[in-house]
Amino acid sequence: MRSIILATLLALSTTAAIAQDKDVMEMSAGLSMLETSAERALMKYGIEFDVMTLTLSQLAEINGAMTGSNNEADKKAAIEAALRR
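Note that the structure is a prediction, hence the values are computed from the model and not measured. (Residues numbered from 1 in each chain as written. Predicted model: local features only at pLDDT ≥ 70, side-chain atom pairs only at ≥ 80, totals over all residues. Heavy atoms only, no water.)

**Q** Help me understand the environment of T36 in this model?
**A** Mapped onto the elements of the fold, T36 is located in helix 1 (residues 2–44). With a relative accessible area of 34%, T36 lands in the partly exposed category. Distance from T36 to V51, taken between C-alpha atoms, is 8.5 Å for residues 15 residues apart in sequence. (Helix = DSSP H or I, 4+ residues; strand = E, 2+ residues; numbered from the N terminus. Buried < 20%, exposed > 50% of the residue type's maximum accessible area, 1.4 Å probe, protein only.)

As structure tokens, this is what we get:
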């Protein structure tokens, strides 16, 4: 009986670890996409800034500015505002 319980616990912990690894990989992929999008936006507007130093919030703001329906001047201003935060 004890060995069955131990085997069950081992199986559950292994499954949880695999699920956690998958979540981490998906979050990492999402972060990379935001970084790439921000880097393209900065290049488009001639803004020199190290994307790797931006917070997740700043990356999301830049992405939001680029996907919004604002004109180009408003997009650039929104990106510059996000960089100052």
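Picking up where we left off.
**Q** Explanation requested: the pattern of salt bridges in the structure shown.
**A** One side chain can pair with another of opposite charge once the charged atoms of both are near each other. Under the definition given, this model contains three salt bridges. R85 serves as the salt-bridge partner of E61, at 3.3 Å between the closest nitrogen and oxygen. Of this pair, E61 sits in helix 2 (residues 56–67) while R85 sits in the segment after helix 3 (72–84), and the two are 24 residues apart along the sequence. When salt bridges that share partners are traced, they join K44, E72 and K75 into one network. (Salt bridge = Lys/Arg side-chain N within 4 Å of Asp/Glu carboxyl O.)

**Q** Before we go on, may I ask you to explain the confidence of the model for the protein in this structure?
**A** Any residue range with low pLDDT should be treated as having predicted coordinates unsuitable for detailed reading. For the protein, the mean per-residue pLDDT works out to 83, and 78% of the residues sit at or above 70. Of all helices and strands in the protein, the one with the weakest mean pLDDT is helix 1 (77), whereas helix 3 scores best (93). (pLDDT = per-residue confidence, 0-100.)

**Q** Hey, could you run me through helix 3 in this one?
**A** Since the α-helix advances by 3.6 residues per turn, residues separated by three or four positions end up pointing in the same direction. In this model, helix 3 (13 residues) spans 19 Å end to end at C-alpha, consistent with the 18 Å of a helix rising 1.5 Å per residue. Here helix 3 has its buried residues at K75, I79, A81, A82 and L83. One side-chain oxygen at the N-terminal end of helix 3 lies 3.1 Å from the backbone nitrogen of A73; it belongs to N71. (Expected span 1.5 Å × (residues − 1). Polar contact = N/O pair within 3.5 Å; in protein donor to acceptor, adjacent residues only side chain to side chain.)

**Q** Mind showing me how you'd approach helix 2 here?
**A** In this model, helix 2 (12 residues) spans 16 Å end to end at C-alpha, consistent with the 16 Å of a helix rising 1.5 Å per residue. Of all the positions in helix 2, only Q58, L59, I62, A65 and M66 are classed as buried. In a view along the axis of helix 2, the buried residues occupy a sector of 125°, so they form one face of it. More than 90 degrees from the buried face of helix 2, the exposed residues found are L56 and T67. (Arc of directions from axis to C-beta.)

**Q** Would you take a moment to explain the nonpolar core for this structure?
**A** A general feature of soluble globular proteins is that nonpolar side chains tend to end up buried together. In terms of nonpolar packing, the biggest core is built from 15 residues, with I62, I79 and L83 touching the most fellow members. Among the secondary structure elements, those contributing two or more residues to this core are helix 1, helix 2 and helix 3. The residues touching I79, leaving out its near neighbours within four places in the chain, are A41, L42, Y45, I47, I62, A65 and M66. (Core = buried A, V, L, I, M, F, W, Y, C linked by side-chain atoms within 4.5 Å. Contact = heavy atoms within 4.5 Å.)

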